[in-house]
Amino acid sequence: MSAEIKLSHTAAMILQTISSGTIYGFGIMEHTGLPSGTVYPALRRLERDALIRSEWEKQSIADKEMRPPRKFYKMTPAGKTTLIAMMKRYPLLERLGAMDEVKTV
Amino acid sequence: MTSLLLYRLALRLVACAVPRTLRTEWRAEWEAELWYMAEAGAAPREIAAFCWGAVEDARSLRQMHLVAPVRAAGSARACVGWVGAIAVVCFALAQVLPAVRVAATSPIYRNATDSVLILPDEAKASPMVPLSRVRAWQRRRQHLFTEFAFYAPVVRTIHLEQGTTRPLTLARASANVLQILGAPVLFAQEPRGVEPLLMLSQTAWRRDFRADETIFGQVVKVGSQRVRVGGLVPDEAAPAGGRLDGWILLPETDSMPETTGVYLLGRLSPSAEMRGPQWEMTVPGPEGDVDYSCRLLPALRADVWKMYLFAVFLALLALPATTSRSLGEYAPRPANLPWLATLRRWVFLTVKIACALPAIYFAGLIAAYAIRSASPYTPQYIQMVTTFSMTLFALRWALRDQRRRCPVCLALLTCPARVGEPSRNFLAWNGTELICAGGHGFMHVPEMATSWFGTQRWLHLDPSWSGLFLGPVKALDL
C-alpha cells in the first residue's frame, strides 16, 4: 500500500536522510541543504502518510542537560518500503551520505 | 541573546498563522530548533533564514489544512456582507441625491435666530399693528432692527380655470416677508410684468389646483387683481393669523390704506443681543408710549438624527410585541468549544444589527427627502414611519436569522424534519428538527410551546460525530 505513494525528489531525499537513523529537523536541513520551509512541511506530509513517525525527547533528559527537548523522526516499515521504491525512481539518492549526527532514542 | 529573544518572538508571531490545533507543537519544535541552532553557533543569516522558513511552514500548513467551510446555504460572512453592501449602497445613494445630502447636513426650513414677530401688548384687543405706524418706523433710523416685513390676512375669491371661484384666505404682504420668515419656496418664479406674485400654500395648491405643476408662472385672477403664481410655500409659514392659503407679495405697498392692521415682522440687527426668546418693548409715538411684545421665531430644523433615534427607540419598544426575542435554550458554552466560538455568535448578531442600522438611517433619509415637499413636516413624518418600519423589520429578521443558524459555525441549518405527533405532545415533543451540515449539532424547534419545551433547543455534537458528516468539523480550526 505504502509502496504506491509517490514522493517528490525532495521528500524522498528527506526520507533517505531519516533512514540513517532517528534525526531531527535542523539536522535534516544541515544535511540536505534544504530550507526549513521545505523540510518541516515535508516531514509532516511523510508523517501523515505513515512513512515516518515523530516523538518528542523525554523532558527529563532535556532538563538534565539544561536544554529544550527535541523532536526526533524515525522511519517506519512502510517508509522503508517506500524508500526502496523511490531509490529505483531516483537513483542519485544513494549518493546522499549517511548522517553524522545520528541519535537513537 | 537579545537577537535570540527577537527571533523567538518572531516565531511566536508566525505561529499565530498556524492552524490552532497544530500551533503548540509547531511552536515548540521551532523554538527547540532555534535553541540548537544558536548553540551550534549558526550565523545570524542562517537563523534568519530558519525563521523565514517558519513563515513558509505556516503558509504550507494553512494550505495543507484548508478549512472546509460549511457550504450549507448562507454563511455568516455572506450574510454580513449582504447587509453591509446594502448599507454602502444606501449611503452612496444618500450622497448622490442632493436633496438628501442637504437634509442630512443642514436645516430645510427656517434657520432664523434673528426673525422677530412684533405684536402689540397682549392687553390690547388686536394683535395687529396699524400700517401707518409701521411706515413711520420704516422711515426712522432703527438700532434694533435692520428691516421690517408685514402681512395682512384678507379673504379673496380666486377665479379657477374651470370657471369656478373659491374664497381663499390670503396674506397681502411686503415682498420680503418670506425671506424674513425663512420659508422655503418650491417652483419659485421670477417676477415678470406688473403682476404681483402669489405664493400658494401646499394645501391650496393640492386642493384648488390639483397639484398641477404647470400653474406656476401663470396669471390668475384674485378678486379684481391679476397675480402670477410664483411658487409653493409650507402651510405653516405664517407665524400668526392662522393658516393661510397663499401670499400675495406686493412690490409696492403704498396702495394699502394706512389704517390696515398688519402682522409685523422684524429682522434683528446682528449687534442686538437679547437675553431670551421673548421680551417687551416700549415705543414712543404721537399718541404716547406703546408697548409691544417681541417674540423670536424659533428655528425649524429637520433634525434627522433625533428623528431616526426616536423611530429606532419606538421599534425597540414594539419588537417584543411582534416577535419572540428568545434565541433558544443553548448551553452557554458547549463542551470542547472555545470561548471565542461562543462569543462569535453574539458578535455576528451585533454586526448584523450594526450594519442594518446605518442602512436604515440612509434609506429613511432617501425615502423622506428624495422627493421634494413644501412642508417641513411631511418628510419628517415619512422618515419616522419608514425608519420605524424598517428597524422593526430588520430586528425581526436579525433575530429570526439568528435562530435559524448553527450556534457553532453560524451556517444556516438544513434538512428540516418533522418529529413526533401533535396528539402525543403530552408524553413527547413534536416539532421540527434541523441539522447543521457541518455536523455541529441538531436544533429542536417545538411546534407547540409547552412548560417543559418552550423554545428551540440546541443539541451539540462533539467532534467524535464528525465521521457521520461529509464536511469535517473544522469550522473553528483556524
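Our subject is the structure listed above.
Computed from a predicted structure; not experimentally measured.

A. Fine view of the interface of chain B and chain A. On the chain A side, the residues contacting the 16 residues of chain B number 12 residues. Of all elements in the fold, only α2 (20-39) and α3 (44-64) of chain B reach the threshold of two or more residues within the side of chain B that touches chain A. Looking at which element gives the most residues to the side of chain B that touches chain A, the answer is α3(B), with 9 residues. Looking at the side of chain B that touches chain A, its residues break down into 9 nonpolar, 2 polar and 5 charged.

B. Representation of the packing of helix α1 (residues 2-15) of chain B against α3(B). Residue and element names in this part refer to chain B. For the pair α1 and α3, the least separation of the axes is 9 Å and the interaxial angle reads 10°. Here α1 is positioned roughly parallel relative to α3, judged by the angle of their axes. Seen from α1, the contacting residues are Ser3, Tyr7, Ala10, Leu11 and Val14; seen from α3, they are Pro44, Ile47, Cys51, Ala54, Val55 and Ala58. A breakdown of the residues in the contact of α1 with α3 according to their chemical character gives 10 nonpolar, 1 polar and no charged.

C. Layout of the sheet that holds strand β12 (residues 414-419) of chain B. Residue and element names in this part refer to chain B. Overall, antiparallel pairing links the 4 strands, which are arranged β12-β13-β14-β15 in an open sheet. With partners counted over all chains shown, the strands left at the sheet margins are β12 and β15 (457-460), one partner each. Neighbour-to-neighbour, the strand axes of the sheet open up by a mean angle of 20°, direction not taken into account. When strand β14 (residues 441-446) meets β15, the two strands line up antiparallel, connected through 4 bridges. By the bridge assignment for β15, histidine 444 is matched with arginine 457.

D. View of helix α11 (residues 378-403) of chain B. Under the 1.5 Å per step criterion, the end-to-end length of α11(B) is 38 Å for 26 residues, consistent within 8% with the ideal 38 Å. Along α11(B), the residues that are buried comprise B:Pro379, B:Gln380, B:Gln383, B:Thr387, B:Phe388, B:Met390, B:Thr391, B:Leu392, B:Ala394, B:Leu395 and B:Ala398.

E. Layout of the pairing of β14(B). Residues and elements named next belong to chain B. In this sheet, β14 lies alongside strand β13 (residues 431-435) in antiparallel orientation, the contact comprising 5 bridges. Within β14, the residue paired with leucine 434 across the bridge is methionine 443. Once β13 ends, the chain turns through 5 residues before running back antiparallel as β14, passing glycine 439 with a positive phi of about 80°.

Rules behind the numbers
Residues numbered from 1 in each chain as written. Chains lettered and ligands numbered in written order. Predicted model: local features only at pLDDT ≥ 70, side-chain atom pairs only at ≥ 80, totals over all residues. Contact = placed C-beta atoms within 7 Å. Helix = DSSP H or I, 4+ residues; strand = E, 2+ residues; numbered from the N terminus. Nonpolar A, V, L, I, M, F, W, Y, C, P; charged D, E, K, R; others polar. Axes fitted to C-alpha atoms, helices over the stretch in contact; angles between N-to-C directions. Parallel < 35°, antiparallel > 145°, perpendicular 65-115°, else oblique. Pairing = 2+ DSSP bridges. Expected span 1.5 Å × (residues − 1). Buried ≥ 20, exposed ≤ 12 C-beta atoms within 10 Å, placed from the backbone.

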